[in-house]
Amino acid sequence: MTEPLFSTEPESSTPDPAAAVSDAPTLDDLRERAAACTACELYEGTTGTVFGTGPTTARMMFVGEQPGDQEDRQLSPFVGPAGKLLDGALVEAGIAREDAYVTNAVKHFSFRRQGNRRIHQTPKVGHVRACRPWLDGELALVRPHVVVTLGATAGKALLGSSFRITSERGEAREWEGTTLVPTIHPSAILRADPARGQDGDEMRAGFVADLRVAAALLG
């Protein structure tokens with residue numbers, strides 16, 4: 001598969017993606033292997049690996065950035081505020097979440113502590129690379145017809161470091177034998193700041209429009 005990002009850090013000790021798939025013939029097997037992953041430092045201080053959820057037969061796969069605080073606590077992707085926004089947008093776009101597979105490019109929560117709070121930190125290139133075998137395994141086992149990347153980190157993880165979400169979002173393109181549609185991460189809508197010219201309602205409408213592009217590809 002496409003090299004995710006330019007290397008600026010030492011190679012990690014992650015398992016080979018092909019071995020991860022061949023040694024784990026089912027998603028349950030792959031999930032079990034991923035639960036023991038210590039390929040980068042993010043596993044320290046977190047509840048555990050947040051693996052993807054959804055049926056093996058899913059025709060659409062959503063790839064986000066990383067789990068947040070609630071996702072880490074519940075060990076399930078997109079169960080916090082961004083997940084609730086995604087659920088509502090999927091309904092509007094005519095996509096049943098139970099018919100989709102939802103995961104992240106990075107499987108552990110990257111954060112810094114601020115008192116008793118855990119503040120989200122954008123994962124680094126090495127974190128994306130360390131988790132890539134698990135994402136490759138999910139893609140190989142689910143074999144979705146359409147992949148939707150949510151946010152810049154997920155887009156760069158699959159399309160490379162030259163990907164620019166502002167100019168490429170909502171555009172379907174062929175990728176690794178399937179079709180990929182990039183869009184923004186729902187958390188970006190939650191962070192919309194009118195002082196910076198960001199209209200949350202407008203951003204949400206654009207997000208739903210991008211999801212409808214993906215939904216139309218399924219026929």
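Along each chain, the written sequence defines residue order, and numbers are assigned to residues from 1. The model is predicted, so local features are restricted to residues of pLDDT at least 70 and side-chain atom pairs to those at 80 or more, both for listing and for counting; the totals for chains, interfaces and linings are taken over all residues. Side-chain metrics rest on all non-hydrogen atoms present in the structure, leaving aside hydrogens and water.

1. Focus on empty space enclosed by the protein
- The distinction between a cavity and a pocket rests on a 1 Å grid over the protein atoms alone: a 1.4 Å probe fits inside a cavity but cannot get out, while a pocket stays open yet meets protein on both sides within 12 Å along at least five of seven lines, and a residue with an atom within 4 Å of a point counts as lining. Grid points are joined across faces, edges and corners, and a volume is the space filled by probe spheres set on the points. Under the defined criterion, the tally for this structure stands at one cavity of 30 Å³ or more.
- Taken as a whole, the largest cavity holds about 30 Å³ of empty space.
- Cys 37, Thr 38, Ala 39, Cys 40, Tyr 43, His 108, Ala 130 and Cys 131 are the residues that line the largest cavity.
- Under the scheme applied, nonpolar residues are Ala, Val, Leu, Ile, Met, Phe, Trp, Tyr, Cys and Pro; charged residues are Asp, Glu, Lys and Arg; polar residues are all the others, including Gly. Taken together, the residues of the lining of the largest cavity sort by class into six nonpolar, two polar and no charged.

2. With respect to helix H6 (residues 152-159)
- Of all eight residues in H6, six are buried; the element is thus mostly enclosed.
- Among all positions of H6, only Thr 153, Ala 154, Gly 155, Ala 157, Leu 158 and Leu 159 are buried. Note on classification: 1.4 Å probe, protein chains only; a residue is buried when its accessible area is under 20% of the maximum for its type, exposed when over 50%, partly exposed between these limits. Helix numbers and strand numbers start at the N terminus; a helix is a DSSP run of H or I with at least 4 residues, a strand a run of E with at least 2.

3. Quick word on the packing of helix H4 (residues 81-93) against helix H9 (residues 200-216)
- Between H4 and H9, the least distance of the axes is 9 Å, while the angle of their chain directions is 55°. When the axes of H4 and H9 are compared, the pair comes out oblique. Judged by the sense of rotation from one axis to the other, the crossing of H4 with H9 is right-handed. Contacts between H4 and H9 pair Leu 85, Leu 86, Gly 88, Ala 89, Leu 90, Glu 92 and Ala 93 from the former with Arg 204, Phe 207, Val 208, Leu 211, Arg 212 and Ala 215 from the latter.
- Its residues assigned to classes, the contact of H4 with H9 comprises nine nonpolar, one polar and three charged. Lines fitted to C-alpha atoms define the axes, with helix axes restricted to the stretch in contact, and inter-axis angles between N-to-C directions lie between 0 and 180 degrees. Roughly parallel here means an angle under 35 degrees, roughly antiparallel means over 145, roughly perpendicular means 65 to 115, and every remaining angle is called oblique. Helix crossings get a hand from a simple test, with the near helix turned counterclockwise from the far one by less than a right angle marking a left-handed crossing and a clockwise turn marking a right-handed one. Note on definitions: a residue-residue contact is assigned when non-hydrogen atoms from the two residues lie within 4.5 Å.

4. A few points about the pairing of strand S5 (residues 146-150)
- The buried fraction of S5 amounts to five of the five residues, a majority that puts the element mostly inside the structure.
- By the alternation rule, side chains of S5 split into Val 146, Val 148 and Leu 150 and Val 147 and Thr 149, which are all buried.

5. Details of the pattern of salt bridges
- Salt bridges, as used here, are contacts in which a Lys or Arg side-chain nitrogen is within 4 Å of a carboxyl oxygen on Asp or Glu. Under the counting rule described, the total for this entry stands at 10 salt bridges.
- Among the salt bridges present, the one from Arg 204 reaches Glu 92, with a minimum N-O distance of 2.3 Å. One end of the pair, Arg 204, is in helix H9; the other, Glu 92, is in helix H4, with 112 residues separating them in the sequence.
- Its relative accessible area of 40% is what places Glu 92 among the partly exposed residues.
- The salt bridge involving Glu 138 is made with Lys 107; its shortest N-O contact spans 2.6 Å. Highlighted residues: Glu 138 in helix H5 (residues 125-142) and Lys 107 in the loop between strand S2 (100-104) and strand S3 (111-114), separated in sequence by 31 residues. For the pair formed by Glu 138 and Lys 107, the shared burial category is buried.
- Each of Asp 69, Asp 72, Arg 73 and Arg 118 takes part in a single network of salt bridges with overlapping partners.

6. Quick notes on the confidence of the model for the chain
- Across the chain, the average pLDDT comes to 89, with 90% of residues at 70 or higher.
- The predictor attaches a confidence to each residue, and that confidence, scored 0 to 100, is pLDDT. Low confidence marks residues 1-15, where pLDDT is under 50. Its contacts with residues over four positions away, or in another chain, come to 44 contacts.

7. Focus: the sheet that holds S5
- Ordered by their spatial adjacency, five strands build an open sheet running S2-S1-S5-S7-S6, and the pairing between neighbours is mixed. Each edge of the open sheet carries a strand with a single partner, namely S2 and strand S6 (173-175). Put simply, the sheet's adjacent strands are angled 30° from each other on average, direction ignored.
- Strands qualify as paired when DSSP identifies two bridges or more between them. Pairing analysis gives five bridges linking strand S1 (residues 60-64) to S2, with the strands arranged parallel.

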